[in-house]
Amino acid sequence: MPAPRKDKERFSHLGPRLHALVEFHSIPHEELAALLDCNTTFISHLLCGRRLLPAFKLQRLASFLAVTPGQLLGTEDLTITKTLSLPKI
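Residues numbered from 1 in each chain as written. Predicted model: local features only at pLDDT ≥ 70, side-chain atom pairs only at ≥ 80, totals over all residues. Heavy atoms only, no water.

Enquirer: How do you make sense of the overall build of the protein chain when you look at a structure like this?
Expert: The helix and strand inventory of the protein chain stands at six helices and zero strands. Counting across all 89 residues of the protein chain, residues that qualify as buried make up 28%. Look at the contacts in the protein chain between residues 6 or more apart in sequence, and 58% of them connect residues 24 or more apart. Accessible surface, the protein chain as shown: approximately 6,300 Å² in total, 56% of it carbon and sulfur. (Helix = DSSP H or I, 4+ residues; strand = E, 2+ residues; numbered from the N terminus. Buried < 20%, exposed > 50% of the residue type's maximum accessible area, 1.4 Å probe, protein only. Contact = heavy atoms within 4.5 Å. Areas by Shrake-Rupley, 256 points an atom, 1.4 Å probe, with all protein chains shown as cover.)

Enquirer: Is there a simple way to think about the environment of Ser-12 in this case?
Expert: By the element assignment, Ser-12 lies in the loop between α1 (8–11) and α2 (14–25). A relative accessible area of 34% places Ser-12 in the partly exposed class. Separated by 34 residues in the primary sequence, Ser-12 and Leu-46 place their C-alpha atoms 9.4 Å from one another.

Enquirer: Honestly, helix α4 (residues 40–48) in this entry has me stumped. Any pointers?
Expert: Residues separated by three or four positions in an α-helix point in the same direction, a consequence of the helix having 3.6 residues per turn. Of the positions making up α4, those classed as buried are Ile-43, Leu-46 and Leu-47. The buried side chains of α4 occupy one side of the element, clustering within an arc of 95° when seen end-on. Packing partners of the buried residues in α4 comprise α2 and α3 (29–36). The N-capping residue of α4, defined by a side-chain oxygen 3.3 Å from the backbone nitrogen of Thr-41, is Asn-39. One or two steps after α4, the chain reaches Gly-49, where phi turns positive at roughly 85°. (Arc of directions from axis to C-beta. Polar contact = N/O pair within 3.5 Å; in protein donor to acceptor, adjacent residues only side chain to side chain.)

Enquirer: Any chance you could explain empty space enclosed by the protein here in plain terms?
Expert: To find leftover empty space, one rolls a probe the size of a water molecule over the atoms. Counted by the stated rule, this structure contains one cavity of 30 Å³ or more. Lining the largest cavity, in full, are Phe-11, Ser-12, Leu-14, Gly-15, Leu-46, Gly-49, Arg-51 and Leu-52. Classifying every residue of the lining of the largest cavity gives four nonpolar, three polar and one charged. (1 Å grid on protein atoms, 1.4 Å probe; cavity = no way out; pocket = protein on both sides within 12 Å on 5 of 7 lines; lining within 4 Å. Points joined across faces, edges and corners; volume = space filled by probe spheres on them. Nonpolar A, V, L, I, M, F, W, Y, C, P; charged D, E, K, R; others polar.)

Enquirer: What is the right way to read the nonpolar core from this model?
Expert: For soluble globular proteins, nonpolar side chains are generally found buried alongside one another. Counting residues in hydrophobic clusters, the biggest one holds 21 residues, and the most contacted among them are Leu-14, Leu-18, Leu-53, Leu-61, Leu-65 and Leu-72. Elements represented by at least two residues in this core include exactly α2, α3, α4, α5 (58–64) and α6 (69–73). Ignoring anything within four residues of it in the chain, the contact list for Leu-65 reads Leu-18, Leu-21, His-25, Ile-27 and Leu-72. (Core = buried A, V, L, I, M, F, W, Y, C linked by side-chain atoms within 4.5 Å.)

Enquirer: Help me understand the packing of α3 against α4 in this model?
Expert: Each pair of packed helices gets described by two things: the angle between the helix axes and the distance between those axes. Running from N to C, α3 and α4 point in directions that differ by 100°, and their axes come no closer than 8 Å. On the basis of the axis angle, α3 is roughly perpendicular to α4. Residues His-29, Glu-30, Leu-32, Ala-33 and Leu-36 of α3 form the contact with α4, whose participating residues are Thr-40, Ile-43, Ser-44, Leu-46 and Leu-47. Residues of the contact of α3 with α4, tallied by class, amount to six nonpolar, three polar and one charged. (Axes fitted to C-alpha atoms, helices over the stretch in contact; angles between N-to-C directions. Parallel < 35°, antiparallel > 145°, perpendicular 65-115°, else oblique.)

Structure (structure tokens):
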């Protein structure tokens, strides 16, 4: 049996923040599942906050989303804006 996680409280805030970033970037669940080497059901549970992300996958996920692990966990502020690129006439 694995040891109980001591960072459960910190990682419990990940779901809503991750959900917002996934929606913002329009990332399909399949792409996240491939990145984290898991199935799409786990991604759905992760986004809803029913599952915890393994700690060793946090850095990979943060790099993919172009944020810091602290921003992803909510210990640092996060402000992202989209830029509209229009073609030149």
